[in-house]
Amino acid sequence: MAGNRTFTMIKPDAVKAGHIGNILQKINEGGFRIVAMKYTRLTPEAAGQFYAVHKERPFYQELVDFMSSGPIVAAILEKDNAVEDFRKLIGATNPAEAEPGTIRALYATSIGENAVHGADSDENAAIEGDFHFAKTERF
Ligand code: CDP
Ligand code: MG
């Protein structure tokens, strides 16, 4: 049976800082297979839609501005227990609380500019993957 899937983005801070290669290496070493991947930039409208679940949170506008501030890498990843294992690999939202060796501990600079996104459930992973990728872009 194929493994479960999760969805990730390498966020504009990590792209700007030149961490794409290092983060993809962590993803490979973590045992994830790349199903789909693209280098793209979210418009403010798309970032707003993607994070609509956080609309009422005080950091929403800042998050939308940040996520549309530069290019990102979006990807669908496959592995057994993908969602949970990827959240472990990236570490806590706040890099100050992230386990040593996790992607956020290594590359995030603040709770807002925290290097990577990881879906929080199988359902959201599917919704978020569909947001970025057509069926013909998955391998
Ligand atoms: O990304 P994660 O699922 O770990 O955290 P979240 O609670 O779903 O929040 C989504 C994103 O909003 C975070 O990754 C941060 O970029 C941002 N955020 C923020 O700027 N300030 C906070 N207090 C919490 C989250
Ligand atoms: Mg989240």
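Being a predicted model, the structure only gives us computed values, none of them experimental.

**Student:** Could you give me a rundown of the sheet that holds strand 4 (residues 116–118), with the residues and numbers involved?
**Tutor:** Read across the sheet, four strands follow the order 2-3-1-4 without closing on themselves; strand pairing throughout is antiparallel. Of all the strands in the sheet, just strand 2 (33–40) and strand 4 have a single pairing partner and so form its edges. Recorded for the sheet is a direction-independent mean angle of 15° between the axes of neighbouring strands. Strand direction decides the pairing type here: strand 2 and strand 3 (residues 72–79), joined by seven bridges, are antiparallel. Bridge pairing links Ala36 to Ile76 in strand 3. Strands in contact with helix 7 (residues 122–132) are strand 1 (4–10), strand 2, strand 3 and strand 4; relative to strand 1, the strand with the most contacts, it is inclined by about 55°.

**Student:** So what's going on with the pattern of salt bridges? Which residues, and what values?
**Tutor:** Tallied over the entire structure, the rule returns seven salt bridges. Here Arg33 makes a salt bridge to Glu78, at a shortest N to O gap of 2.9 Å. Here Glu78 lies in strand 3 and Arg33 lies in strand 2, a separation of 45 residues in the sequence. Among the salt bridges present, the one from Arg138 reaches Asp130, with a minimum N-O distance of 2.9 Å. Three or more residues joined by partner-sharing salt bridges are found here, namely Arg5, Arg33 and Glu78.

**Student:** A description of helix 5 (residues 82–90) should follow, citing residues and the corresponding values.
**Tutor:** Side chains three or four residues apart in an α-helix point the same way, a direct result of the helix having 3.6 residues per turn. Among all positions of helix 5, only Ala82, Val83, Asp85, Phe86, Leu89 and Ile90 are buried. In this structure, the buried residues of helix 5 make contact with strand 1, helix 2 (20–29), strand 3, helix 6 (103–107), strand 4 and helix 7. Gly91 sits one or two positions beyond helix 5 and adopts a positive phi of about 85°.

**Student:** Got a sec to walk through the site of ligand 1? Specific residues and values, please.
**Tutor:** Close to ligand 1 lie Lys11, His54, Phe59, Leu63, Arg87, Thr93, Arg104, Ile111, Gly112 and Asn114, which account for all nearby residues. Measuring from an oxygen atom of ligand 1, one finds a side-chain N or O atom of Arg87 at 2.8 Å. A total of 500 Å² of accessible area belongs to ligand 1 in isolation, and the protein chains cover 81% of it. When atom positions are compared with the pocket grids, ligand 1 is found to occupy the largest pocket.

Conventions we followed
Residues numbered from 1 in each chain as written. Chains lettered and ligands numbered in written order. Predicted model: local features only at pLDDT ≥ 70, side-chain atom pairs only at ≥ 80, totals over all residues. Heavy atoms only, no water. Pairing = 2+ DSSP bridges. Helix = DSSP H or I, 4+ residues; strand = E, 2+ residues; numbered from the N terminus. Axes fitted to C-alpha atoms, helices over the stretch in contact; angles between N-to-C directions. Contact = heavy atoms within 4.5 Å. Salt bridge = Lys/Arg side-chain N within 4 Å of Asp/Glu carboxyl O. Buried < 20%, exposed > 50% of the residue type's maximum accessible area, 1.4 Å probe, protein only. Near = heavy atom within 4 Å. Polar contact = N/O pair within 3.5 Å; in protein donor to acceptor, adjacent residues only side chain to side chain. Areas by Shrake-Rupley, 256 points an atom, 1.4 Å probe, with all protein chains shown as cover. 1 Å grid on protein atoms, 1.4 Å probe; cavity = no way out; pocket = protein on both sides within 12 Å on 5 of 7 lines; lining within 4 Å. Sits in = over half its atoms within 2 Å of the grid points.

None of this, on its own, says anything about what the molecule does.
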